[in-house]
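# Structural features, examined
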Amino acid sequence: MVRILKLSQLSDAERAKLQKRAELDIDNALKVAQTVIETIRERGDAGVVDYVRRFDYEGATVENIKVNEAEFERAFQLIEPEVKTAIEQAFRNIQEVHRRQMPEEIQLAEIEAGVFAGEKISPIPNVGLYVPRGRGAFPSMMLMLAIPAMVAGVERVVVCTPPDKQGNVEPVSLVAARMAGVREIYKLGGVQAIAALALGTKNIKRVDKITGPCSVYGAAAKRLLFGTVDVGLPAGPSESIVLADESTDARLAALDLLIEAEHGADSAALLVTHCEQVAIAASEYAQEYLQKLPDWRREFCEAGLAAYGGIILTDSLQQSLDFVNEYAPEHLELLVSNPFAILGKIKNAGEILLGNHTPSSMATYAIGVNAVLPTGSFARSYSAVSVYDFLKRSTLAYVTPEGFEKLKETTKTLAEYEGFPAHKLAIQHREILL
Ligand SMILES: NC(=O)C1=CN([C@@H]2O[C@H](COP(=O)(O)OP(=O)(O)OC[C@H]3O[C@@H](n4cnc5c(N)ncnc54)[C@H](O)[C@@H]3O)[C@@H](O)[C@H]2O)C=CC1
Ligand SMILES: N[C@@H](Cc1c[nH]c[nH+]1)C(=O)O
Ligand SMILES: [Zn+2]
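Residues numbered from 1 in each chain as written. Chains lettered and ligands numbered in written order. Predicted model: local features only at pLDDT ≥ 70, side-chain atom pairs only at ≥ 80, totals over all residues. Heavy atoms only, no water.

With an unreviewed UniProt entry as reference, the protein is termed histidinol dehydrogenase, source organism Microcystis viridis FACHB-1342. The UniProt entry for the protein carries the following comment under Cofactor (unreviewed entry): "Zn(2+)". According to its UniProt record, the protein has this under Function (unreviewed entry): "Catalyzes the sequential NAD-dependent oxidations of L-histidinol to L-histidinaldehyde and then to L-histidine." (UniProt positions renumbered as here; feature names shortened; annotations may be inferred.)

Following this line, the structure appears as structure tokens:
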């Protein structure tokens, strides 16, 4: 049985524990990350290689940590035809979604007569994408990061992803990267990846921004290198809420609970409902479906559901909605009779999936919406990865002689008040010079 927790009977401490999820035990990882970062700062490529050898691939050398052309070609040979077809459809949909996000390059509006203001959008010149590979292969994450970067027009896209023990990068990720036009891939994971991208070495030029989900080690490195590089959204252990009402098919609720739970023992998979029958039935079905999973994934589910997840029984749909908004889940499935009717009440969620035919696995792989999402309650303020993660905005202004007349007194008055005489002079002299 998956545990059923009655929300009204939870103590404040129990509620806070749920809310916290698997708060990364980052202290130990911070110590490791500090040492690795300092070594890479001092020893550059040699330091990077030492840590690849220690953590991932014993045969790493300065030469072989960059994926070469032969490896890309081999990846295209290795990929199964049905996987290639699937990747192609995913690619098309992700590209379409992100193309539609692209704003106009230049926006300029007349604010008052002769005063034009707006923005110019430009891509970030160099970005590093982190594609994880600890507890699974993630070609889907390669697509979710590389496609928006490509659509945004980033000039240099660098990918870091851990090698396996034989020194190989997962081949479908290589195919996905190449389809998106990525040419520069390093076989680096965890701290050494983030440090190399942030600090730069002789062989790996530094980037302006790093984005991508990672485990606690990558997260620790990002925390320490914040200030040296833009580290993007906080995307850690996966979490979801399936919201159910009396109309929900408990089998669907149970299935979708397990989508999240199987990611890892640190995943937070929650089913939230005010309907006791649905809660009990879903708990039983989940037990049944768990038996269909391989041992290691089932163990992840059991551990995560007992520690951070489970079924939350509320008193009403409104209480369920309040819980959702307080929790701010990465993924939210509305498995209720009329999801559109309650959509307006959802305030905080990284992703909102509506109805019975929109399970979060489909959003992860095929729909086209981005599956790199903020976790750990950061969906309160951060958004899914999008083209905006790879763009920045310069404000833009143009003032005509007519506009100058309209703004000059205000500018002089405020410059005088703030005590900036050169600011005022630039206006006064223009009145004479122009
Ligand atoms: N929020 C989101 O959108 C997404 C989140 N995720 C999350 O990202 C995370 C990915 O983590 P992983 O699968 O573990 O992959 P990972 O690639 O982040 O971690 C593997 C790396 O960790 C390093 N490492 C492992 N043990 C170490 C040790 N003892 N000391 C120092 N470094 C060590 C190694 O260098 C290795 O390359 C998961 O929590 C997953 O749920 C994954 C996809 C999407
Ligand atoms: N759904 C995952 C990402 C994933 C990729 N592959 C499988 N799952 C997440 O939100 O973290
Ligand atoms: Zn997933």
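This is not the end of the story, as more comes after the structure.
### Re the sheet that holds strand 2 (residues 106-112)
Spatial strand order, 2-3-13: 3 strands in an open sheet with antiparallel pairing. Single-partner strands in this sheet number two, and they are strand 2 and strand 13 (391-399). For this sheet, the mean inter-axis angle between neighbouring strands, taken without regard to orientation, is 20°. With 9 bridges connecting them, strand 3 (residues 115-123) and strand 13 associate as antiparallel partners. In the strand pairing of strand 13, Val-115 is matched with Val-399. On top of the sheet, helix 15 (residues 401-418) reaches strand 2, strand 3 and strand 13; it is set at about 90° to strand 13, its chief contact. (Pairing = 2+ DSSP bridges. Helix = DSSP H or I, 4+ residues; strand = E, 2+ residues; numbered from the N terminus. Axes fitted to C-alpha atoms, helices over the stretch in contact; angles between N-to-C directions. Contact = heavy atoms within 4.5 Å.)

### Digging into the pairing of strand 4 (residues 126-130)
Counting buried positions along strand 4 gives 4 out of 5 residues, so the element sits mostly inside the fold. One ladder, built from 5 bridges, connects strand 4 with strand 5 (residues 156-160); its direction is parallel. What sits directly across from Asn-126, in strand 5, is Arg-156. The sheet contact formed by strand 4 and strand 7 (residues 209-211) spans 3 bridges and is parallel. Its bridge partner lying in strand 7, Leu-129 is registered against Thr-211. (Buried < 20%, exposed > 50% of the residue type's maximum accessible area, 1.4 Å probe, protein only.)

### Regarding unusual backbone geometry
Excluding glycine, residues mostly carry a negative phi; peptide bonds, for their part, are mostly trans. Backbone geometry places Ala-328, a non-glycine residue, at a positive phi of 55°. With respect to the helices and strands, the residue Ala-328 is situated in the loop between helix 12 (317-327) and strand 11 (331-335). Note on Ala-328: relative accessible area 0%, which makes it buried. Although it is not a glycine, Ser-377 adopts a positive phi angle of roughly 75°. Tracing the backbone shows Ser-377 in the loop between helix 14 (360-365) and strand 13.

### Quick notes on a nonpolar patch on the surface
On the surface, Met-1, Ile-4 and Ile-280 cluster together to form a nonpolar patch covering roughly 260 Å² of accessible area. Within the element layout of this structure, Ile-280 appears in helix 10 (residues 276-290). Using a relative accessible area of 35% as the deciding quantity, one classes Ile-280 as partly exposed. (Patch = residues over 30% accessible without salt bridge, like charges linked within 9 Å, V, L, I, M, F, W, Y side chains within 5 Å. Areas by Shrake-Rupley, 256 points an atom, 1.4 Å probe, with all protein chains shown as cover. Salt bridge = Lys/Arg side-chain N within 4 Å of Asp/Glu carboxyl O.)

### Observations concerning the confidence of the model for the protein
This prediction gives the protein a mean pLDDT of 96; 100% of its residues lie at or above 70. Both scores are given for the predicted complex: the pTM is 0.96, the ipTM 0.97. (pLDDT = per-residue confidence, 0-100.)

### Section: the environment of Arg-297
Secondary-structure assignment places Arg-297 in helix 11 (residues 295-307). Residue class for Arg-297 comes out buried when judged on its relative accessible area of 15%. Beyond its immediate stretch of four places on either side in the chain, Arg-297 contacts Arg-135, Gly-136, Glu-262 and His-263.

### A look at the site of ligand 2
Ligand 2 sits among Phe-138, Ser-140, Met-141, Ser-238, His-263, Glu-330, His-331, Thr-364 and Tyr-365. One of the side-chain N or O atoms of Ser-238 is found 3.1 Å from an oxygen atom in ligand 2. Notes on ligand 2: free accessible area 300 Å², of which the protein chains cover 85%. For the shell around ligand 2, the secondary-structure elements that each account for two or more residues are helix 5 (139-152) and helix 14. A breakdown of the residues in the shell around ligand 2 according to their chemical character gives 3 nonpolar, 5 polar and 1 charged. (Near = heavy atom within 4 Å. Polar contact = N/O pair within 3.5 Å; in protein donor to acceptor, adjacent residues only side chain to side chain. Nonpolar A, V, L, I, M, F, W, Y, C, P; charged D, E, K, R; others polar.)

### Points about the site of ligand 1
Looking at ligand 1, there are 26 residues lining it, with Asp-56, Tyr-130, Arg-133, Ser-215 and Leu-373 nearest. Measuring from an oxygen atom of ligand 1, one finds a backbone N or O atom of Ser-238 at 3.4 Å. Ala-371 has a polar backbone atom sitting 3.1 Å from an oxygen atom of ligand 1. Contact with the protein chains removes 86% of the 870 Å² of surface that ligand 1 exposes when unbound. Only helix 2 (26-55) and helix 7 (190-199) provide two or more residues apiece to the shell around ligand 1. Considering only residue class, the shell around ligand 1 consists of 14 nonpolar, 8 polar and 4 charged.

### With respect to the packing of helix 9 (residues 250-261) against helix 10
Close contact between helix 9 and helix 10 brings their axes to 8 Å; oriented N to C, the two are set at 55°. By the criterion of interaxial angle, the relationship of helix 9 to helix 10 is oblique. Note that helix 9 runs across helix 10; the crossing there is right-handed. Along the contact surface, helix 9 presents Ala-250, Arg-251, Ala-253, Ala-254, Leu-255 and Leu-258, while helix 10 presents Val-278, Ala-281, Ala-282, Tyr-285, Ala-286, Tyr-289 and Leu-290. In the contact of helix 9 with helix 10, the residues fall into 12 nonpolar, no polar and 1 charged. (Parallel < 35°, antiparallel > 145°, perpendicular 65-115°, else oblique. Left-handed = near helix turned anticlockwise from the far one by under 90°.)

### Things to note about the pattern of salt bridges
This model, assessed by the stated rule, comprises 20 salt bridges. The partner of Glu-119 in a salt bridge is Arg-393, and the shortest N-O contact between them spans 3.0 Å. Of the two residues, Glu-119 sits in strand 3 while Arg-393 sits in strand 13, which places them 274 residues apart along the sequence.

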